[in-house]
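Chain by chain, the residues:
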Amino acid sequence: MPVPKPPHNSPVPPPDPARLAALRKQHQRRLAWMPWLYFALKPRHQGWAQAWQAEVQALLQAQETVELGEDCFIAPDAAIFGEPGRAVVLGDRCAVAAQAFLHGPITLGNDVSVNAGARLDGGRKGLRVGDGTRIASGAALYAFDHGLKPDRDLKDQPVRSRGIHIGRDVWIGANAGVTDGVSIGDHAVVAMGAVVTRDVPEWAIVAGVPAVVVGDRRER
């Protein structure tokens, strides 16, 4: 026998607070791993999400030398470390996803995304990233290197730093690597898993280990 439906005008039961809290926690976790969703939230979610982000960002700025632009997103478990003289500076609308690692000096332009598990270290000379650039999951950008002279153990080698510069509208693919001293021109693409050891021209598509030019975005 079918269960009778309640009358049309019967009151709607209030939502279960415990269930709502659990759903919101899971939603926060989803945003942390896929922060692009934060910038597309529906109005009914924007209030709590913005308040949550205000708390996360205030705690980070109280503990580290970090400057954040307007409307950024920072995953709570992102590891962001900045010291005086080695600050981490993010422009407007930047996103740093879960388990990303950033160690200054780093300067990100506006609308830059650093996806889950990416690793960025500015060494001494710094890492600069232009507007609109996308750094995919697992990418590794290290603006320092160790010496290799045979007269001492590797652990005793000096560390050098020349810095890394990434232009605007660049895509660094998943698990790609960028070594110290490299400049990547505007609009370039670094393929998944590539290791960039030399400068990349504007608009170039590079792939391989070590990375070489395999195409031009303007011809796609």
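Residues numbered from 1 in each chain as written. Predicted model: local features only at pLDDT ≥ 70, side-chain atom pairs only at ≥ 80, totals over all residues. Heavy atoms only, no water.

Thoughts on the sheet that holds strand E20 (residues 195–196)
Turning to step 1, where the next piece is worked out: The strand order E3-E6-E9-E12-E17-E20 describes an open sheet built from six strands, whose pairing is parallel. With partners counted over all chains shown, the strands left at the sheet margins are strand E3 (79–81) and E20, one partner each.
Turning to step 2, where the next piece is worked out: Alignment of strand E17 (residues 177–178) against E20, held across two bridges, turns out to be parallel. Residue pairing for E20: Val178 is matched across the bridge by Val196. (Pairing = 2+ DSSP bridges. Helix = DSSP H or I, 4+ residues; strand = E, 2+ residues; numbered from the N terminus.)

Some details on the packing of aromatic side chains
Turning to step 1, where the next piece is worked out: According to the stated counting rule, one finds five aromatic pairs in the structure shown.
Turning to step 2, where the next piece is worked out: Taking 5.8 Å as the distance between ring centres and 65° as the angle between the ring planes, the aromatic pair formed by Trp52 and Phe73 counts as edge-to-face. Of this pair, Trp52 sits in helix H2 (residues 43–63) while Phe73 sits in strand E2 (residues 73–74); the two residues are 21 residues apart in sequence, bridging distant segments of the chain.
Turning to step 3, where the next piece is worked out: When its relative accessible area of 11% is taken as the criterion, Trp52 is described as buried.
Turning to step 4, where the next piece is worked out: With centroids separated by 5.8 Å and ring planes inclined at 85°, the aromatic side chains of Tyr142 and Phe144 adopt a geometry described as edge-to-face.
Turning to step 5, where the next piece is worked out: Judged by relative accessible area, which is 24%, Phe144 ranks as partly exposed. (Phe/Tyr/Trp six-rings, centres within 6.5 Å; stacked < 30°, edge-to-face > 60°. Buried < 20%, exposed > 50% of the residue type's maximum accessible area, 1.4 Å probe, protein only.)

Here's the deal with unusual backbone geometry
Turning to step 1, where the next piece is worked out: The omega torsion of the bond from Gly104 to Pro105 falls at 5°, within 30 degrees of zero and hence cis.
Turning to step 2, where the next piece is worked out: A cis geometry characterises the amide bond from Val209 onward to Pro210, with omega recorded as -5°.
Turning to step 3, where the next piece is worked out: Among the structural elements, Pro210 can be located in the loop between strand E21 (204–207) and strand E22 (212–216).
Turning to step 4, where the next piece is worked out: We note that Asp71 has phi near 60°; this positive angle belongs to a residue other than glycine.
Turning to step 5, where the next piece is worked out: As for its placement among the helices and strands, Asp71 is situated in the loop between strand E1 (66–68) and E2.
Turning to step 6, where the next piece is worked out: Here Asp71 falls in the partly exposed class, since its relative accessible area comes to 42%.

Some words on the pairing of E21
Along a regular strand, successive side chains alternate from one face of the sheet to the other.
Turning to step 1, where the next piece is worked out: By the bridge criterion, two bridges tie strand E19 (residues 189–190) to E21 in an arrangement that is parallel. Directly across from Val190, in E21, lies its bridge partner Val206.
Turning to step 2, where the next piece is worked out: Between E21 and E22, which pair antiparallel one after the other, the connecting turn spans four residues, and Gly208 there sits at a positive phi close to 100°.

Considering the side chain of Ser113
Turning to step 1, where the next piece is worked out: For Ser113, the location among the structural elements is in strand E8 (residues 113–114).
Turning to step 2, where the next piece is worked out: A distance of 3.4 Å separates the side chain of Ser113 from the side chain of Arg134, its partner in a polar contact.
Turning to step 3, where the next piece is worked out: Every residue in contact with Ser113, bar those within four places of it in the chain, is listed here: Ala95, Thr133, Arg134 and Ile135. (Polar contact = N/O pair within 3.5 Å; in protein donor to acceptor, adjacent residues only side chain to side chain. Contact = heavy atoms within 4.5 Å.)

Remarks on the nonpolar core
Within soluble globular proteins, side chains that are nonpolar tend to cluster in buried spots.
Turning to step 1, where the next piece is worked out: In this structure, Leu102, Leu141 and Ile184 are the most contacted members of the largest nonpolar core, which totals 53 residues.
Turning to step 2, where the next piece is worked out: Ranked by residue count, the leading element in this core is H2, at five residues.
Turning to step 3, where the next piece is worked out: Apart from the residues within four sequence positions on either side, Leu102 is in contact with Ala79, Ile80, Phe81, Val88, Val96, Leu108, Val114 and Leu120. (Core = buried A, V, L, I, M, F, W, Y, C linked by side-chain atoms within 4.5 Å.)

What about the pairing of E22?
Turning to step 1, where the next piece is worked out: For E21 and E22, the ladder comprises four bridges, and the chain directions are antiparallel. Bridge assignment links Ala204 to a residue of E22, and that residue is Asp216.

Focus on the state of the cysteines
Turning to step 1, where the next piece is worked out: In total, this model carries zero disulfides according to the counting rule given.
Turning to step 2, where the next piece is worked out: Here Cys72 stays unpaired: no disulfide links it, and the sulfur of Cys94, its closest cysteine neighbor, is 4.9 Å away. (Disulfide = S-S within 2.5 Å.)

Re H2
Turning to step 1, where the next piece is worked out: With 21 residues, H2 ought to run about 30 Å at 1.5 Å a step, and its terminal C-alpha atoms sit 31 Å apart, in line with that.
Turning to step 2, where the next piece is worked out: Lining the buried residues of H2 we find helix H1 (17–33), E1, E2 and E3. (Expected span 1.5 Å × (residues − 1).)

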